[in-house]
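Read off the chains here:
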Amino acid sequence: NAGVTQTPKFQVLKTGQSMTLQCAQDMNHEYMSWYRQDPGMGLRLIHYSVGAGITDQGEVPNGYNVSRSTTEDFPLRLLSAAPSQTSVYFCASRETGGSYNEQFFGPGTRLTVL
Amino acid sequence: AQSVTQLGSHVSVSEGALVLLRCNYSSSVPPYLFWYVQYPNQGLQLLLKYTSAATLVKGINGFEAEFKKSETSFHLTKPSAHMSDAAEYFCAVSYTGTASKLTFGTGTRLQVTL
């Protein structure tokens, strides 16, 4: 199993550009989520999904869109990039059935917005 | 609202010394508590979790944590630090519910010196 994979690993954008961060998992997990990590702030939840066709907002959703058309994939779209979105982005997944289940994290995407 | 507080953004110990990383939680319902570790330029990896079974939880790499309801704490310990333990450690909380979100603390960076 590859686990949770994310592409790209690094990305530089100019203000106003859009892009999609890709996330895929091969563990048949229903629950998937996106976090951003900023120094001194830990990880903050952007969006999450409890299954295909179902998404919801987390703590910091503004400026980001998600969709979940398949169990495996959960892409994160930046609509119009801003310097405040410079961060490291992590995708995670876990089994359904309970929030006591371990979340598995991808290796992250380091995004810089100029 | 649920939250966790990690006291000390940086902790430095000598190799062979006791490691103690502090985490206090705030939750209106019985929590599930987690410790994750992040090595440089990597994603997060689960160290251990508390899910209302035994209050003393043993994890990987010799770490353990004790759930103390009276103190609302879930501190992480390791009897003898090793150079390879140098990393950032995150405490996180969730609660009952399939869609329950995982809320992270701000992290503690552990430095191990010779």
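For the structure itself, look to the data block above.
So, how was this worked out
All residue numbers here refer to positions counted from 1 along the written sequence of the relevant chain. Working convention: letters from A go to chains and numbers from 1 go to ligands, in the order in which they are written. The predicted origin of the model limits local features to residues at a pLDDT of at least 70 and limits the giving and counting of side-chain atom pairs to 80 or more, whereas totals for whole chains, interfaces and linings rest on all residues. Each side-chain value is derived from all of the structure's non-hydrogen atoms; neither hydrogens nor water enter the calculation. Helix and strand assignments follow DSSP, with helices taken as H or I runs no shorter than four residues and strands as E runs no shorter than two, numbered in order from the N terminus. Radius of gyration here is computed from C-alpha atoms only, and the compact-globule reference equals 2.2 Å multiplied by the residue count raised to the power 0.38. When accessible area is computed with a 1.4 Å probe and restricted to protein chains, residues below 20% of their type maximum are described as buried, those above 50% as exposed, and intermediate ones as partly exposed. The contact definition used throughout considers only heavy atoms, calling two residues in contact when any of these lie within 4.5 Å. Using the Shrake-Rupley algorithm and a 1.4 Å probe, accessible areas are obtained, with residue cover drawn only from the displayed protein chains. His is not counted here, nor are the chain ends, while Lys and Arg score as positive and Asp and Glu score as negative. We put the charge of a Lys on NZ, of an Arg on CZ, of an Asp on CG and of a Glu on CD. When two components associate, each loses some accessible surface as probed by a 1.4 Å sphere; the sum of these losses over both components is called the buried area. The salt bridge criterion pairs a side-chain nitrogen of Lys or Arg with a carboxyl oxygen of Asp or Glu, the two atoms within 4 Å. Counting of polar contacts relies on pairs of N or O atoms within 3.5 Å, with two restrictions inside protein: one atom must be capable of donating a hydrogen and the other of accepting it, and residues adjacent in sequence are counted only when both atoms are side-chain atoms. Each residue is assigned to one of three groups, with Ala, Val, Leu, Ile, Met, Phe, Trp, Tyr, Cys and Pro labelled nonpolar, Asp, Glu, Lys and Arg labelled charged, and all others, Gly among them, labelled polar. Pairs of cysteine sulfur atoms within 2.5 Å are identified as disulfides in what follows. Pairing of aromatic side chains requires ring centres within 6.5 Å, counting the rings of Phe and Tyr and the six-membered ring of Trp. Pairs whose planes differ by under 30 degrees are stacked, by over 60 edge-to-face, and all others tilted. Two conditions define a charge located above a ring, namely a distance within 6 Å from the ring centre to NZ of Lys or CZ of Arg, and an angle within 35 degrees of the ring normal. Being paired, for any two strands, means DSSP has found at least two bridges between them. Working convention: axes come from line fits to C-alpha atoms, limited for helices to the stretch in contact. Angles between N-to-C directions cover 0 to 180 degrees.

(A) View of the overall build of chain A. A tally of regular secondary structure across chain A gives zero helices and 11 strands. Listed by position from the N terminus, the elements making up chain A come as β-β-β-β-β-β-β-β-β-β-β. Computed over the C-alpha atoms, the radius of gyration of chain A is 13 Å, within 12% of the 13 Å expected from 2.2 N^0.38 for a compact globule of 114 residues. Overall, the C-alpha framework of chain A stretches about 40 × 30 × 25 Å when taken along its three principal axes.

(B) Fine view of the overall build of chain B. From N to C terminus, chain B includes zero helices and 12 strands. Along its sequence from the N terminus, chain B presents helices and strands in the succession β-β-β-β-β-β-β-β-β-β-β-β. Computed over its C-alpha atoms, the radius of gyration of chain B comes to 14 Å, within 12% of the 13 Å expected for a compact globule of 114 residues. Counting across all 114 residues of chain B, residues that qualify as buried make up 45%. For chain B, restricting intrachain contacts to residue pairs at least 6 apart in sequence, the fraction spanning at least 24 positions comes to 56%. Accessible surface computed for chain B: about 5400 Å², of which carbon and sulfur atoms make up 53%. Computed over 8 positive and 6 negative side-chain charges, the separation of the two mean positions in chain B equals 8 Å.

(C) Highlighting the interface of chain B and chain A. If you look at the interface, chain B gives 25 residues, while chain A gives 23 residues. Buried area between chain B and chain A, both sides added, is near 1800 Å², and the carbon and sulfur share of it is 55%. Along the contact surface separating chain B from chain A lie zero salt bridges. Taken together, the links from chain B to chain A amount to two residue pairs in polar contact (both at pLDDT 80 or more). Going through the elements one at a time, β5 (31–38), β6 (44–50) and β10 (87–95) of chain B are the ones with two or more residues in the side of chain B that touches chain A. Of the residues contributing to the side of chain B that touches chain A, the split by class is 10 nonpolar, 12 polar and three charged.

(D) Expanded view of the state of the cysteines. Residue and element names in this part refer to chain B. Under the criterion given, the structure shown has two disulfides over all chains. Between the sulfur atoms of Cys 23 and its disulfide mate Cys 91 the distance is 1.9 Å. Across the S-S bond of Cys 23 and Cys 91 the torsion is about -60°, and the bridge reads as left-handed. Here Cys 91 lies in strand β10 and Cys 23 lies in the loop between β3 (19–21) and β4 (24–26), a separation of 68 residues in the sequence. Since its relative accessible area comes to 0%, Cys 91 is described here as buried.

(E) View of the packing of aromatic side chains. In this structure the tally under the stated criterion is 13 aromatic pairs over all chains. The interplanar angle of 55° and the centroid separation of 5.9 Å between the aromatic rings of B:Tyr36 and B:Phe104 together place this pair among those described as tilted. Placement of the pair is B:Tyr36 in strand β5 and B:Phe104 in strand β11 (residues 103–104), with a sequence separation of 68 residues. Each member of the pair, B:Tyr36 together with B:Phe104, is buried. Ring pairs connect the aromatic residues A:Tyr35, A:Phe105, B:Phe34, B:Tyr36, B:Phe90 and B:Phe104, which therefore count as one cluster. The lysine or arginine in question, A:Arg68, covers the ring of A:Phe74, its NZ or CZ lying 5.9 Å from the ring centre.

(F) Molecular detail of the pairing of β6(B). All names here are of chain B. The element β6 is largely enclosed, with a buried count of five among its seven residues. Across six bridges, the pairing between β5 and β6 is antiparallel. Looking across to β6, one finds that Leu 33 is bridged to Tyr 50. Count of turn residues in the β5/β6 antiparallel hairpin: five residues, of which Asn 41 carries a positive phi of about 60°.

(G) Layout of the sheet that holds strand β8 (residues 76–78) of chain A. All names here are of chain A. Pairing is antiparallel in the open sheet, where four strands are placed in the order β1-β3-β8-β7. Of all strands in the sheet, those with a lone pairing partner are β1 (4–7) and β7 (64–66), marking the two edges. Each strand axis lies, on average, 20° off the axis of its neighbour in the sheet, ignoring direction. In this structure, strand β3 (residues 19–25) lies alongside β8, joined through three bridges in antiparallel fashion. Directly across from Leu 21, in β8, lies its bridge partner Leu 76.

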